[in-house]
Structures are given as structure tokens and as C-alpha cells.
Amino acid sequence: MHYFWVISRLGSVVAAADHLELTPQTLSGQLSSLEAQLGGALFHRANRALQLTDFGHTVFSYADEMFKTAQALSDLVIKPAEDRPLRLAVGICASIHKLIAYRLLKPALELPRTVKLRCQTGDLSQLLKCLHQRSLNVILSDRPPADKDAPQVRCYALGRSSMSLFAVPELAQRLASDFPQSLNHQPFLATSLDAPYITELKNWFASRNIAVNVVAEVDDSALIKVFGHQGVGYFAAPTVICDEVCRQYQVAHIATINEVQDTLFAITRDHGSHDAAVQAIIEGPMAIVNSIGNSDV
């Protein structure tokens, strides 16, 4: 098959024989043997040149992928271990704000070694299944795993931030006056009603006799900001990303609620040591969150 692949790429038995340092007769014999085994002609002659048949094109597509993959593997294994790319598959709970997720991943992306990153969003139970199946290296979550899952995983607290409220400038200006009573019955956008910070926020509202009017529940933190940008209602986001939220979605800051906190966790499998990329995520966020004045760890 390798001989066929080389002949196909170079266009003739003679050129392939010279490249492989074999005789043309040897290659011709090997090619005939391969055609007999596969049950079809791989080439036909046209003006003294070899051209792939339709069957030959099909076989070549498989051979080309196979030998290129083998070459890539060969190139990889001859590199020193410290020079090989790190593959990082991260599960991100949909309710985590994407600007926060980027900050948490940034330390891994800044490592001296190349990091091949793949991100997958979903709910925590779905992501935990992927973690156990080894299709994920780490999960970023806004809640710790349930008790039934805790023995199989390790959970690291990365940091926490107070929550702030945002809306389009006109609505934000109106809600900022006489805060928090101004929020009574006003349209609220929730990322997920079971998100821990939403529960804390609802309790905070209840303690001040404020009726929460949830007009939309969207399990994607980026999409909910788009709704907020369109003036559908006000929404909550971590204070640590206040400036980015205002700039990116053209909304205004209403107020900060220090009593309501958003805590973030990294969840990994409960055995063995972590590679450099996962370790960078576990260790990095503390410094990032500490550098923001209106949050704590």
C-alpha cells in the first residue's frame, strides 16, 4: 500500500522506484499483487503516464490519510516530551459567563508549550459523564458536583465574585434610582433558574420584598446578554467582568450586590496528577480574581 501511495504521488513507477531505492520491476510486481488482493485495477496508462482509476482514487484517499497520519505521529514522537502539544478538552457549564470562562482558560493558553484547546458546553451532569469517559480533561462549573458524584472527582474552588446588574442605558438609569425597590416587577433575564447565584439573588430580592419578574430563562450566558442588549430586561453578571460586559454588549451598570456571590470551580477526575494545562487552570484564577478590586476569593 505504501508503494502504491508513493507511485500515485510521483506519477510513475520509475520515479517511485528511484525515490524508494528499489527496482521498477519490484514495484510493478508489488503493485500487481496489491491489485489482485483488492480486486480491481488501480491505474490505467494514458500517454505513457499512469493515471488513477476511479477505484484507484478511492483507495488513494484512504492511503493518503493513513500515511499522512502515520507521518504526523512519527514527527510527534521524535520530539522531546516537553515540546509536544498539550491537548486540553474543557467542559464549560452553560450558565458560566463566557468572558469569565476565557479568563479561567487564559493561563493554560499562555503556557510556553502549544495547547490544542477544545471546549464543550452543557449542563454539569452531561459534562461529568464526558469527564468519566475521558473525552474531557477538566470542567469549569459554577457549582460543586452532587454528593453522588463527589467520590469520583476532585473539585477545586477557583474564586468568587460579587454580582452586578446590567441593562440598556435607558432602563439602567431608571432602575438605578431608588435601587433596589426600583426592581420590583421589572423584567429580569435569568441564565438558569437553578444556577446558584440566581437562587442567592432571588433570596436577596425576597428579603427586600422585591417581586422578581422573570421574562426569559436562557441557559447560555452569552445569549442572555444579547437579550439584555436588545432591551428585553435586566440581567446579572459577575462584577469582575463589569467593564467588558458594558463595552461588549453596550449596556450600563445598575448596581453591585456584594451579598450575592458567584463561585467558580474546576472539576477533574479523582486520580493521578494533572498535566501542565489543567494545572495552569487550577492555579491561575486566584491571581486573576485577586487582581480585581471589587471581588474577593
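Keep in mind that what you see is a predicted model, and the values were worked out from it rather than measured.

Rules used in this analysis
- Residues numbered from 1 in each chain as written.
- Predicted model: local features only at pLDDT ≥ 70, side-chain atom pairs only at ≥ 80, totals over all residues.
- Heavy atoms only, no water.
- Helix = DSSP H or I, 4+ residues; strand = E, 2+ residues; numbered from the N terminus.
- Rg over C-alpha atoms; globule rule 2.2 N^0.38 Å.
- Contact = heavy atoms within 4.5 Å.
- Areas by Shrake-Rupley, 256 points an atom, 1.4 Å probe, with all protein chains shown as cover.
- Lys, Arg positive; Asp, Glu negative; His and termini not counted.
- Charge placed at Lys NZ, Arg CZ, Asp CG, Glu CD.
- Patch = residues over 30% accessible without salt bridge, like charges linked within 9 Å, V, L, I, M, F, W, Y side chains within 5 Å.
- Salt bridge = Lys/Arg side-chain N within 4 Å of Asp/Glu carboxyl O.
- Buried < 20%, exposed > 50% of the residue type's maximum accessible area, 1.4 Å probe, protein only.
- Axes fitted to C-alpha atoms, helices over the stretch in contact; angles between N-to-C directions.
- Parallel < 35°, antiparallel > 145°, perpendicular 65-115°, else oblique.
- Left-handed = near helix turned anticlockwise from the far one by under 90°.
- Nonpolar A, V, L, I, M, F, W, Y, C, P; charged D, E, K, R; others polar.
- Phe/Tyr/Trp six-rings, centres within 6.5 Å; stacked < 30°, edge-to-face > 60°.
- Arc of directions from axis to C-beta.
- Polar contact = N/O pair within 3.5 Å; in protein donor to acceptor, adjacent residues only side chain to side chain.

**Here's the deal with the overall build of the chain**
Next, step 1: For the chain, the count of helices and strands is 11 helices and 10 strands.
Next, step 2: The C-alpha atoms of the chain give 29 Å as radius of gyration, which overshoots the globular expectation for 297 residues (19 Å, by more than 25%).
Next, step 3: At a minimum sequence separation of 6, the contacts of the chain that also span at least 24 residues come to 73%.
Next, step 4: Carbon and sulfur atoms make up 51% of the accessible area of the chain, which totals about 15,600 Å².
Next, step 5: When the 25 basic and 29 acidic side-chain charges of the chain are each reduced to a single mean position, those positions are 3 Å apart.

**Comments concerning a nonpolar patch on the surface**
Next, step 1: Taken together, the side chains of Val 215, Leu 223, Val 226, Phe 227 and Val 232 define a hydrophobic patch exposed on the protein surface, amounting to about 350 Å² of accessible area.
Next, step 2: At three residues, the largest contribution of residues to the nonpolar patch is made by helix 9 (residues 221-229).
Next, step 3: Relative to the helices and strands, Phe 227 is located in helix 9.
Next, step 4: With a relative accessible area of 31%, Phe 227 lands in the partly exposed category.

**Section: the packing of helix 2 (residues 13-20) against helix 3 (residues 24-38)**
Next, step 1: Between helix 2 and helix 3, the shortest axis-to-axis distance is 8 Å and the interhelical angle comes to 110°. Comparing the axis directions of helix 2 and helix 3 gives the class roughly perpendicular. Remark: the crossing between helix 2 and helix 3 carries right-handed chirality. Counted together, Val 13, Ala 16, Ala 17 and Leu 20 of helix 2 and Pro 24, Leu 27 and Ser 28 of helix 3 form the full contact between these two elements.
Next, step 2: Taken together, the residues that form the contact of helix 2 with helix 3 break down as six nonpolar, one polar and no charged.

**Brief notes about the packing of aromatic side chains**
Next, step 1: Taken as a whole, this structure holds seven aromatic pairs when the rule is applied.
Next, step 2: Where Phe 179 meets Trp 204, the ring centres are 6.0 Å apart and the plane angle is 25°; that geometry is what we call stacked. Here Trp 204 lies in helix 8 (residues 196-207) and Phe 179 lies in the loop between helix 7 (169-176) and strand 7 (187-190), a separation of 25 residues in the sequence.
Next, step 3: Residue classification places Phe 179 among the partly exposed residues on the basis of a relative accessible area of 25%.
Next, step 4: According to the relative accessible area criterion, Trp 204 is buried, its value standing at 9%.
Next, step 5: Following the ring pairs from residue to residue traces out a cluster consisting of Phe 179, Phe 188, Trp 204, Phe 205 and Tyr 234.

**Considerations on the environment of Val 240**
Next, step 1: Inspection of the secondary structure assignment puts Val 240 in the loop between strand 9 (234-238) and helix 10 (242-249).
Next, step 2: C-alpha separation for the pair Val 240 and Tyr 62, spaced 178 residues apart in sequence, amounts to 50 Å.

**Observations concerning helix 9**
Next, step 1: The complete set of buried residues in helix 9 reads Ser 221, Ile 224, Lys 225 and Gly 228. Viewed end-on, helix 9 has its buried residues packed into an arc of 105°, placing them on one side of the element.
Next, step 2: Those residues of helix 9 hidden inside the fold are in contact with helix 5 (98-109), strand 7, strand 9 and helix 10.
Next, step 3: Capping the start of helix 9, Asp 220 holds a side-chain oxygen 3.0 Å from the backbone nitrogen of Ala 222, two or three residues further along.

In short, geometric facts, not functional conclusions.
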